[in-house]
Structure formats: structure tokens, C-alpha cells
Amino acid sequence: MDWFPKLVWEEYEKGDLAAMTVASGIEEKDREKAERMSMVALWCVQDSPDTRPPMSAVVKMLEGGVEVMPPPKPFYNLYSVGMNVFQQGNETGTSSSYETSEEANSIWYKDTTPIMAKYEIQVASS
């Protein structure tokens, strides 16, 4: 099956998103943005709604002010991977154990980028 999100995942898994951006005709100056958007998209197409980021996290990731964390395999119905990966201490399996508030540690992104960490730059909070 040649489904574009699946092809993006396969290239990401091989560490070759750059080749996909070249094949798609994306110019060199826009490739970093395209790779970031691809990673965010892989978070947004997760089978389980509990593992998808809220729009506030999507905006932060797309704006580039945070480091996008590596997404897990998004298509569990296409792959033989169980959802127990996301049920940390959740015995009933009826709700996610991850918090989505702005103050919680995010599973989708880090509040700092590698450059911010290198120069010890912190984001101001209100």
C-alpha cells in the first residue's frame, strides 16, 4: 500500500526524511522546516487519540521554539506493535496517563532546543 503517511514513517524510521524532501522537490532552504513538519505530522496521525498532541503543542512544535521528540510508530493497525507502550501505570486502560497541561513534561517536545541548552538560554514564563 503506497499511502503517503506510511511512506513518510518508513523514511523517518530509516533516518532518511531528507531524501523524501529532495524527491518531493522541496528546496534546500526549506528542508529543515519540511522535516520538522513531517515529524509533527507523524505525532498528529497517531492511531490513539491519547497519544496525539493538543493543538497548543502542535503550534509550539511548528513554530520551531521547541525540539520535537521522536514520534512512536503511528499506525498500529498497519504494524504489529501493542498500545501498552503508552499505558504507564494505567491498569484499566481507559485513559491516558500523560498530562496535556502546559506545565506538565511533554512527551511531544522538549522546552529547549539543542542550541538553547548549549548557550543556557531559558524561555521566559509568565
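Presented here is a report on the structure given in the accompanying data block. (Residues numbered from 1 in each chain as written. Predicted model: local features only at pLDDT ≥ 70, side-chain atom pairs only at ≥ 80, totals over all residues. Heavy atoms only, no water.)

## Overview of the overall build of the chain
Summing up its helical and strand segments, the chain has five helices and two strands in all. In the chain, the succession of helices and strands from N to C terminus is α-α-α-α-β-β-α. For the chain, the proportion of contacts with a sequence separation of at least 24, taken over those separated by at least 6, is 66%. Summed over its atoms, the accessible surface of the chain is roughly 8,500 Å², and 53% of this surface lies on carbon and sulfur atoms. (Helix = DSSP H or I, 4+ residues; strand = E, 2+ residues; numbered from the N terminus. Contact = heavy atoms within 4.5 Å. Areas by Shrake-Rupley, 256 points an atom, 1.4 Å probe, with all protein chains shown as cover.)

## Some words on the nonpolar core
In summary, soluble globular proteins display a tendency toward joint burial of nonpolar side chains. Membership of the largest hydrophobic core comes to 17 residues, with the highest contact counts inside it found for Y12, M61 and V68. Mapped by element, the contributors of at least two residues to this core are α1 (4-13), α2 (17-23), α3 (31-44) and α4 (55-63). Top contributing element to this core by residue count: α3, with four residues. (Core = buried A, V, L, I, M, F, W, Y, C linked by side-chain atoms within 4.5 Å. Buried < 20%, exposed > 50% of the residue type's maximum accessible area, 1.4 Å probe, protein only.)

## Digging into the packing of aromatic side chains
Applying the stated criterion to the full structure yields one aromatic pair. Ring centres of W9 and Y12 lie 5.3 Å apart, and the angle between their planes is 45°; this geometry places the pair in the tilted category. One end of the pair, W9, and the other, Y12, are both in helix α1, three residues apart, so they sit about a helical turn from each other. For the pair W9 and Y12, a shared accessibility class is recorded, and that class is buried. (Phe/Tyr/Trp six-rings, centres within 6.5 Å; stacked < 30°, edge-to-face > 60°.)

## Here we look at α3
Over its 14 residues, α3 extends 20 Å from the first C-alpha to the last, a length consistent with the 20 Å expected when each residue adds 1.5 Å. When we look at burial in α3, the residues that qualify are R31, A34, S38, M39, V40, L42 and W43. Considering only its buried residues, α3 is in contact with α1, α2, α4 and β1 (67-68). (Expected span 1.5 Å × (residues − 1).)

## Here we look at the packing of α1 against α3
Where α1 meets α3, the closest approach of the two axes is 11 Å, and the angle between their N-to-C directions is 115°. For the element pair α1 and α3, the recorded crossing hand is left-handed. Along its contact with α1, which presents P5, V8, W9 and Y12, the element α3 presents S38, M39 and L42. Tallied by class, the residues present in the contact of α1 with α3 amount to six nonpolar, one polar and no charged. (Axes fitted to C-alpha atoms, helices over the stretch in contact; angles between N-to-C directions. Left-handed = near helix turned anticlockwise from the far one by under 90°. Nonpolar A, V, L, I, M, F, W, Y, C, P; charged D, E, K, R; others polar.)

## Observations regarding the packing of α3 against α4
At a minimum axis distance of 9 Å, the contact between α3 and α4 shows a crossing angle of 165°. Relative to α4, α3 is oriented roughly antiparallel. Relative to α4, the crossing made by α3 is right-handed. Across the interface between the two elements, R36, M37, V40 and C44 of α3 pack against V58, M61 and L62 of α4. Residue composition of the contact of α3 with α4, grouped by class: six nonpolar, no polar and one charged. (Parallel < 35°, antiparallel > 145°, perpendicular 65-115°, else oblique.)

## Things to note about the pattern of salt bridges
Charged atoms that come close allow side chains of opposite charge to pair. Under the defined criterion, the tally for this structure stands at six salt bridges. Close ionic contact of E11 with K14 constitutes a salt bridge, the shortest N to O distance being 3.1 Å. The class for E11 is buried, based on a relative accessible area of 17%. When its relative accessible area of 59% is taken as the criterion, K14 is described as exposed. With a shortest N-O distance of 2.4 Å, R31 and E28 are connected by a salt bridge. The class of R31 is buried, set by a relative accessible area of 18%. Connected through shared salt-bridge partners, E27, K29 and D30 make up one network. (Salt bridge = Lys/Arg side-chain N within 4 Å of Asp/Glu carboxyl O.)

Functional significance is not addressed by these values, which are geometric in nature.
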